[in-house]
Amino acid sequence: MSNPATPPRSLAEALRARDDASLAVLLRARPDLITPVPTDLTQLATRAGTRASVLRALERLDRFALQTAEALAVAGDPASYQELLGLMAGDDGDPVVTGELPRAVAALRDQALVWGDDDRLRLVRTAREVLAPSAQHPSPTGLGPTVREATSGMSPGRIQEIVAAAGLPSTHDPVSAVNALTKLFGHRRKMAKLLAAAPAESREVLSRLVWGPPYGQVTPEPAAHLRWLLDRGLLLPTAPGTVVLPREVALHLREGRAHREPEPVPPAVEPAAAHRPQVVDATAAGQAYTALVTVEELLKDWDEGGPAVLRAGGLSVRDLKRTAVALDLPEPIAAFWVELAYAAGLLASDGEADERYAATPAYDEWLDRPRAERWAQLAEAWLTATRASGLVGGRDAKDRALSALGPGLDRSAAPEVRHRVLTLLAVLPEGTAPAADSVLARLGWERPLRGPQQREDDLRGRLARWTLSEAELLGVTGRGALSAHGRALLGAPAATAAAASAGSGSTAASPTRPAGPGDKLPVHHHHPAPGLLAPAPLSPPEQAVAAATAGRLLAPLLPEPLDHVLLQADLTAVAPGPLRRPLADALGVLADVESKGGATVYRFTPASVRRALDAGRTATDLHAFLATHSRTPVPQPLAYLIDDVARRHGHLRVGAASAYVRCDDDTVLNEIMADKRSSGLRLRRLAPTVLATQADPAALLEGLRAMGYAPAAESAEGDVLITRAHAHRTPPRTAPEPVPDGPPPPDSTLLAAAIRAIRAGDLAATTPRRSTGAAVRGGELPRTTPAETLATMQAAVLTGDTVWIGYVNAEGTATQRVIAPIRVEGGFVTAYDHTADEVRTYPLHRVTGVAELAED
């Protein structure tokens, strides 16, 4: 065991010195470290240093913490806190950077990216390899290699020439010469004197390289001002025709700063407009109602079976366009509603041979719920879904088109970005809409993009923009500001705002006093994970409760549905607001929607009236329906229209011959036969009152209606067929599961169990053992004969001692354990296993050996 007073010599020792609360902070921030649970702290340290885990941790740092890690990558190894402070705050000691640096170092320590005391800070080796500058991978700091690294392949004679040209005495070996040159470049006064003698053109060259990239090109015969720099080592050759500005020279020219613009404080979210909260809530409620209507219209349009599923999955471009026209929306917004209905489990593919999209049985259940609950289900599905509808129409990595409802739309970062954007809106005063650019800038600070490819893609920025527009469409925001029910969707509003505010500016040291190497940088157990400066998204049960609360807040704001319309003399009906569903459904059959908006306008036509008659309604039913639900008298033209269509409806009968037409009035059939438009139907007379054709009944019905007649279909028994819409439903389907962004953060129970197991395994691995006759090398299991094993176990039962054993389980996996034997009988030992923290029974024949622990 390491002595707490002794500085740690490795990351494993540094982790061993942590308390359980500090380990919990690490494992919560980096859940991949306990998937699966490590056997001990040495394995945990090894896993924390793997490239994949380190890259993931670096990607979750905020900008200033990442800048601090980048500065440590170009500092000495190990580096003192004062050296790091100089690199971050510069020679002038920026007070804001000085005040915020302890927080950044504490964040890196919490994440196990930095370990060691203040006088020996070490960046984990993998992080240093990723962040340190090289010719192939320039550092984000813009710094180049050190003098020692740049001169590693240079001849000793050339090094001595540079030392002499720089005004330094010659040395007896190249190592001391490089040390002298390094010391000169790091001495502020002497370097200032050297550069004061440089030609103006030489200083101009240095100014172009100082902030990076530090590499430049020279000809075989460089100009005089370049030769002056090369002779004194202010530029050093790295390859034929390529020179580099040494790190020490660049830091002198930068006045000690590793970064041109340190960003210790996150940019504020700027307000763009302020509205009264009541106006925001009312606007958002109107949008929420529109969202419900839009989803209903979408699935009603697909009620008898929606578009076909592409072979590769998803909607075709043509079907998406048709859906957009039906909803009277742009295609990207139509794609959003389609994806939202899919995420909420309201539509899916039917799985038939001729596979099509259709509503699920859950849609019928959704329709029966109160409107506020229906909205809450949509909002919860949107907030937690990993599918991003904004990608529809783009191309994937293999240059394949991304289609709505198709594969390739999942982005694991989407739920976290949506939650974070809404949280930033919740920090603003109620009714305040943010400037979109300031929201993007804040997100960029919290999760900076490291590589050029990341900056070009900027997925999080695009997700944030989509979140702002989608939240407005869904009614989570109104006029750009977060509504009251939108705040409730995030959880407790006060807690959310307080947590976000605390995460955005808290520091570990007072900003008014410079932190020094003597200051202990505390581990922030009460802070969120470094880089996640806000509460993590809620767990599924918590999110369901929050969505229900949001629905209750929204319910009083939604408009009450109406049970009446206003009939007008121009064969239209005006619905001055939302209609109750039975009325809306019946009116949708009897009339066509002409325009939507605050008031919906329906138009009555012969075709729409015939549609209602085909559905089994009579003229008397239609007159009674309109008289009951109209606040104005039924106009005479509408009454005449209904009676006229009803009088002619069913006068002709169409059946299967392939198809036939029969009519009691043979003059009507004579008119049809004489009409040139009937030639395509190829009709022939079977009897004075019957015509037959090879066309199918549906085509015959359509052809006669196009000629102006109103035929009715009949069954084989001669009865009129009533054509009601057939609601096509998929088999029971579950909503798509979100694609997780790595392992989920562990809950408190799992975290406590993992830490207990790691501590117990570490105890087994590090507890001193009493010397036995045979030496046991590190990592090997103890080896004793069966007789020695039995005797030692029996003795430990009598004395109550704890022993160390090697054990091979039934799968052949060998482990080492620390146990306190309780009973030995029947070939088994029952003992308290310190490694598993429970009483277990082990077969003695599987114990490879036993060793007593040292008394100290």
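Provided above is the structure to which this section pertains.
Worth saying up front: this structure is predicted, and the values here are computed from it rather than measured. Residue positions are given per chain, counted from 1 along the sequence in the order it is written. pLDDT decides what is reported in this predicted model: residues at 70 or higher carry local features, side-chain atom pairs at 80 or more are listed and counted, and totals for whole chains, interfaces and linings draw on all residues regardless. As a rule here, side-chain values cover all heavy atoms of the structure and leave hydrogens and water aside.

Novice: Got a sec to walk through the pattern of salt bridges? Specific residues and values, please.
Specialist: Each reported salt bridge corresponds to a side-chain nitrogen of Lys or Arg within 4 Å of a carboxyl oxygen of Asp or Glu. A complete count under the given rule lists 37 salt bridges for this structure. Two residues, R442 and E446, come together in a salt bridge whose shortest N-O distance is 3.0 Å. Note that R442 and E446 are positioned in helix α22 (residues 436-446) at a spacing of four residues, about one turn of the helix. Of the two residues examined, R442 and E446, each falls in the buried class. What emerges from the salt-bridge pattern is a single network uniting D62, E100 and R103. Helix and strand labels come from DSSP, where a helix needs a run of H or I of at least four residues and a strand needs a run of E of at least two; each type is numbered from the N terminus. The buried label goes to any residue with under 20% of its type's maximum accessible area, the exposed label to any with over 50%, and the partly exposed label to all in between, with areas taken from a 1.4 Å probe on protein chains only.

Novice: An account of the environment of S608 is requested, with residue identities and associated values reported.
Specialist: Summarising the element assignment, S608 is placed in helix α29 (residues 606-614). Working rule for contacts: check all heavy atoms of both residues, and any pair within 4.5 Å makes them a contact. Once residues lying within four places of it in the same chain are set aside, the contact partners of S608 are V589, L590, A591, D592 and R603. Pairing of N or O atoms within 3.5 Å defines a polar contact, subject to two protein rules: one partner must be a possible hydrogen donor and the other a possible acceptor, and residues neighboring in sequence count only if both atoms are side-chain atoms. Among the polar contacts made by the side chain of S608, one reaches the main-chain amide nitrogen of T605 at a distance of 2.9 Å.

Novice: Residues and numbers for the sheet that holds strand β5 (residues 242-244), please.
Specialist: Reading across from one edge, β3-β5-β4 is the order of the three strands in this open sheet, with antiparallel pairing throughout. Looking along the sheet, the strands with just one partner apiece sit at the ends: β3 (215-217) and β4 (236-239). The mean inter-strand angle of the sheet, taken between neighbouring strand axes irrespective of direction, is 40 degrees. A pair of strands is treated as paired once DSSP finds two or more bridges between them. Direction of pairing for β3 relative to β5: antiparallel, over a ladder of three bridges. Between N-to-C directions, angles span 0 to 180 degrees; the directions come from axes that are lines fitted to C-alpha atoms, helices contributing only their stretch in contact.

Novice: An account of the side chain of T323 is requested, with residue identities and associated values reported.
Specialist: Tracing the sequence through the fold places T323 in helix α17 (residues 317-327). Overall, T323 belongs to the buried group, its relative accessible area being 1%. Here T323 is in contact with L298, W302 and V338, once residues within four sequence places are set aside.

Novice: Describe unusual backbone geometry, listing the residues and the values that go with them.
Specialist: The omega torsion of the bond from T35 to P36 falls at 0 degrees, within 30 degrees of zero and hence cis. The residue after G212, namely P213, is reached through a cis peptide bond having omega -5 degrees. Summarising the element assignment, P213 is placed in the loop between α13 (200-209) and β3. In this model, A112 sits at a positive phi of 60 degrees, which is unusual for a non-glycine residue. Here A112 lies in the loop between α7 (95-110) and β1 (114-115). Even without being a glycine, R479 presents a positive backbone phi close to 55 degrees. Within the fold, R479 resides in the loop between β10 (477-478) and β11 (481-482).

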